[in-house]
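So you can see what is in the structure, the chains are spelled out below.
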Amino acid sequence: MAFKPNEYQQITMEDRFLNLDERTKKFVLNSWAKGFAEIIFPAINEKRFSVLYSDNPASRPNSPVNAIIGALILKEMFNLTDDELLASILCDVRFQYALHTTSFKSQPFSDRTFSRFRERLYLYNLETGRDLLHEEMEAMANVFVKYFDINPSVKRMDSIMVSSSCKKMSRLEILYTCVANMVKAVYKTGEYEHLKNMEHYLDEDDRNKTIYHRKNEEITKRLQEIIEDAYTLTKELGEAYAELPEYQLLQRVLKEQTEITEEGKIVPVKKKNKPDSLQNPSDPDATYRKKAGKDHKGYVANIVETIDEKGSIITSYDYDVNTHSDSSFCKETIEKLGKQEKEITIIADGAYSSIENIELADKNNIELITTALIGKLPDEIQSEFKLDEVTHEIIKCPKGEKPYKTRYYEKTGLYRASFNKKTCEHCPLREKCGAKLQKKSAYVLITAKTIQRASYLKKMSTEKYSVLQKIRNGVEGIPSILRRKYHVDVIPVRGLVRSKIWFSFKIGAINAKKVLKMAAEMAASLYKNIEIKFILTKTGKIQAELLLVA
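This is a predicted model, so every value here is computed, not measured.

Asker: Would you mind going over the overall build of the chain in detail, with residue names and values included?
Answerer: A count of helices and strands for the chain gives 19 helices and 16 strands. Its C-alpha atoms give the chain a radius of gyration of 32 Å, clearly above 24 Å, the size a compact globule of 550 residues would have. Expressed along its principal axes, the backbone C-alpha trace of the chain runs to roughly 105 × 90 × 45 Å. Going through the 550 residues of the chain one by one, you find that 47% of them count as buried. Sequence separation of at least 24 residues holds for 66% of the intrachain contacts in the chain that already meet a minimum separation of 6. In the structure as shown, the chain presents an accessible area of about 30500 Å², 51% of it carried by carbon and sulfur atoms. Positive and negative side-chain charges in the chain, numbering 88 and 78 respectively, have mean positions lying 6 Å apart.

Asker: Lay out the pattern of salt bridges in plain terms, naming residues and giving numbers.
Answerer: Per the stated rule, a full pass over the model turns up 24 salt bridges. Among the salt bridges present, the one from Lys25 reaches Glu22, with a minimum N-O distance of 3.5 Å. Placement of the pair is Lys25 and Glu22 together in helix α1 (residues 22-29), with a separation of three residues, close to one helical turn. The buried category is assigned to Lys25, whose relative accessible area is 14%. For Glu22, a relative accessible area of 59% gives the class exposed. Its salt-bridge partner being Lys310, residue Glu309 comes within 3.9 Å of it at the nearest N-O pair. Assessed through its relative accessible area of 72%, Glu309 is described here as exposed.

Asker: Hey, could you go over the packing of aromatic side chains for me, with residue numbers and the actual values?
Answerer: What the rule picks out here adds up to 14 aromatic pairs. Considering the side-chain rings of Phe3 and Tyr53, the 6.2 Å spacing of their centres and the 35 degrees angle between planes classify their relative orientation as tilted. Highlighted residues: Phe3 in the segment before α1 and Tyr53 in the loop between α2 (32-40) and α3 (65-77), separated in sequence by 50 residues. Neither Phe3 nor Tyr53 differs from the other in exposure class; each is buried. The side chain of Arg416 reaches across the aromatic face of Tyr443, ending 4.1 Å from its centre. Lying across the ring of Tyr122, Arg498 places its NZ or CZ 3.7 Å from the centre.

Asker: Account for the sheet that holds strand β13 (residues 436-437), naming residues and giving values.
Answerer: Pairing within the open sheet is antiparallel, and its four strands lie in the order β11-β12-β14-β13. The strands lining the two open edges of the sheet, one partner per strand, are β11 (405-409) and β13. Running at roughly 75 degrees to strand β14 (residues 441-447), helix α16 (residues 448-460) makes contact with β12 (414-420) and β14 of the sheet.

Asker: Which residues make up the side chain of His134, and what values do they have?
Answerer: Inspection of the secondary structure assignment puts His134 in helix α7 (residues 132-147). Non-local contacts of His134, meaning those with residues more than four positions away in its chain, are made with Tyr317, Asp318, Lys336 and Lys500.

Asker: Any chance you could break down the pairing of strand β7 (residues 344-348) for me, citing the residues and the numbers?
Answerer: With five of five residues buried, β7 is to be regarded as a mostly interior element. Of the two faces of β7, the one carrying Ile344, Ile346 and Ala348 and the one carrying Thr345 and Ile347 are both buried. One ladder, built from three bridges, connects strand β1 (residues 154-163) with β7; its direction is parallel. Paired with Val154 across the strands is Thr345, a residue of β7. Where β7 meets strand β8 (residues 366-370), five bridges bridge the pair, whose relative direction is parallel. Looking across to β8, one finds that Ile346 is bridged to Leu368. As a crossover connection, the stretch from β7 through helix α13 (residues 355-363) into β8 is right-handed.

Asker: Summarise empty space enclosed by the protein; cite the residues concerned and give the values.
Answerer: Using the criterion set out here, one finds four cavities of 30 Å³ or more in the structure. By volume, the largest cavity is sized at about 110 Å³. In terms of lining, the largest cavity is formed by 13 residues, of which the most central are Cys397, Lys399, Cys424, Cys427 and Cys433. Every element with two or more residues in the lining of the largest cavity is listed here: α14 (421-425) and α15 (430-433). For the lining of the largest cavity, the class distribution of residues is nine nonpolar, one polar and three charged.

Asker: Residues and numbers for unusual backbone geometry, please.
Answerer: Positioned with a positive phi, Asn79 is a non-glycine residue whose angle comes to about 55 degrees. Along the chain, Asn79 falls in the loop between α3 and α4 (82-91). Asn79 gets classed as partly exposed once you look at its relative accessible area, which sits at 48%. Here Asn197, not a glycine, exhibits a phi torsion of approximately 65 degrees, which is positive. By the element assignment, Asn197 lies in the loop between α8 (171-189) and α9 (206-213). Since its relative accessible area comes to 61%, Asn197 is described here as exposed.

Asker: Explain the nonpolar core residue by residue, including any values.
Answerer: Formed by 78 residues in total, the largest nonpolar core has its most connected members in Phe36, Ile69, Ile73, Phe117, Leu482 and Phe503. With 13 residues, helix α19 (residues 496-528) is the single largest residue contributor to this core. Look past the residues within four positions of Leu482 in its chain and what remains in contact with it is Ile160, Ile303, His487, Val488, Phe503, Lys506 and Ile510.

Reading guide: rules and limits
Residues numbered from 1 in each chain as written. Predicted model: local features only at pLDDT ≥ 70, side-chain atom pairs only at ≥ 80, totals over all residues. Heavy atoms only, no water. Helix = DSSP H or I, 4+ residues; strand = E, 2+ residues; numbered from the N terminus. Rg over C-alpha atoms; globule rule 2.2 N^0.38 Å. Buried < 20%, exposed > 50% of the residue type's maximum accessible area, 1.4 Å probe, protein only. Contact = heavy atoms within 4.5 Å. Areas by Shrake-Rupley, 256 points an atom, 1.4 Å probe, with all protein chains shown as cover. Lys, Arg positive; Asp, Glu negative; His and termini not counted. Charge placed at Lys NZ, Arg CZ, Asp CG, Glu CD. Salt bridge = Lys/Arg side-chain N within 4 Å of Asp/Glu carboxyl O. Phe/Tyr/Trp six-rings, centres within 6.5 Å; stacked < 30°, edge-to-face > 60°. Lys NZ or Arg CZ within 6 Å of the ring centre and 35° of its normal. Pairing = 2+ DSSP bridges. Axes fitted to C-alpha atoms, helices over the stretch in contact; angles between N-to-C directions. Right-handed = clockwise from strand over helix to strand, strands pointing away. 1 Å grid on protein atoms, 1.4 Å probe; cavity = no way out; pocket = protein on both sides within 12 Å on 5 of 7 lines; lining within 4 Å. Points joined across faces, edges and corners; volume = space filled by probe spheres on them. Nonpolar A, V, L, I, M, F, W, Y, C, P; charged D, E, K, R; others polar. Core = buried A, V, L, I, M, F, W, Y, C linked by side-chain atoms within 4.5 Å.

These results come straight from atomic positions and should not be treated as a statement about function.
Right, here's the structure in full:
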């Protein structure tokens, strides 16, 4: 299939929209379809996706890519299935107007158009590591920011846990499923000699018998039997089946869930499973994480929203396994933004904070503001210790006293400053600065990082920072919207790359709704500022003038 740009961008004389009655036209033009057709659809760069298709002009042309992407955004906006989306396009002129397909004699979509396009995106990502849809969603967001003249200097950030649709499994279920899948894969090849004493895994009822019906038998014994079957199977097969995903998962689960004793026996591991261990063979990418007292299995997304008084747009996002920390997302976001000509501000919650991220942001002319700091908080008074990081000496304490001796421990970055006991004994700041009294002297243990954290804590208490922290609160609504309206926890596909494609369209749909809302507000504001003035001309006629009031 060859890539062909969509030439049906403008309404033609034969366009079916022109043949509609005036009442229907009025309803279409007063609906969401007009804003989508005029602002959102033109922002889609279909040439970015030309690499998904053949460059042979003799082959059959593709369906219009910008129409497919626009349709998949509408699918998420209206919470439709692929079949419902196709029916809406075929039967609803608003969808056709929004997607600029009213000039087509027949709509350029089939019941497989959307799934095939998602599959092309998936395979291209696996082959090249490049996420075309992610690039396009962020590029469209930047177009919207310019269109509405949103000031890009303030951004707010938050993350959301995305649940995998796979079932929660016990260790026994995971091991059984991996062995059964491998046995079935070998059976399909016809090499039955490798399956001696393992034919029972082919029985449809064997799973329930093994996992649920043998309650009187200890789980440990059943687990040991399955582990031995798995180990025997991998030894018997060798590397002949190494390319099969079932074999790779079987090896992975053996590595994660078992260990070899000194006697050479393979047994279940006693320690707890790692967060990145296999959670379910049907979703090998999903990981486990405990956050805010809740268990999560799946993925995590990070959202960056650009905001000012005109409105807000999600201008950047990331999607990864849920063991990826907020602090790592913060670092990657700063690196992606790069060095800024004019200073910008990023507001996030405490999970994004670290001295390393604050320093990295500062190097790129970015002010990183977090609502809290992770870990034990220093006292703000500790920010007033003065260090000489060249000579590794503490010059003075918050009270202005100079220590008579400073010792620096290079491995830990710790400073030990010794003061006269009389100096510290009656000092009003002693409880806050961390000074400890000894028999003849007093000492303070402090690091440069503690002083930096105390300085940042002091800054956070100012009125300016208090206002900025309130701005951040609004971004917490996006995870709620993604769950309630866009059902992000029940994405009907599994795997990191596939689920990210669906997530990207949900981000596109949120931005599309924001754009339509801002466009409606802009039109309403313009309408309020229009005055009609009637004047009498020299010929004695009354003439109306439209005036735009500032």
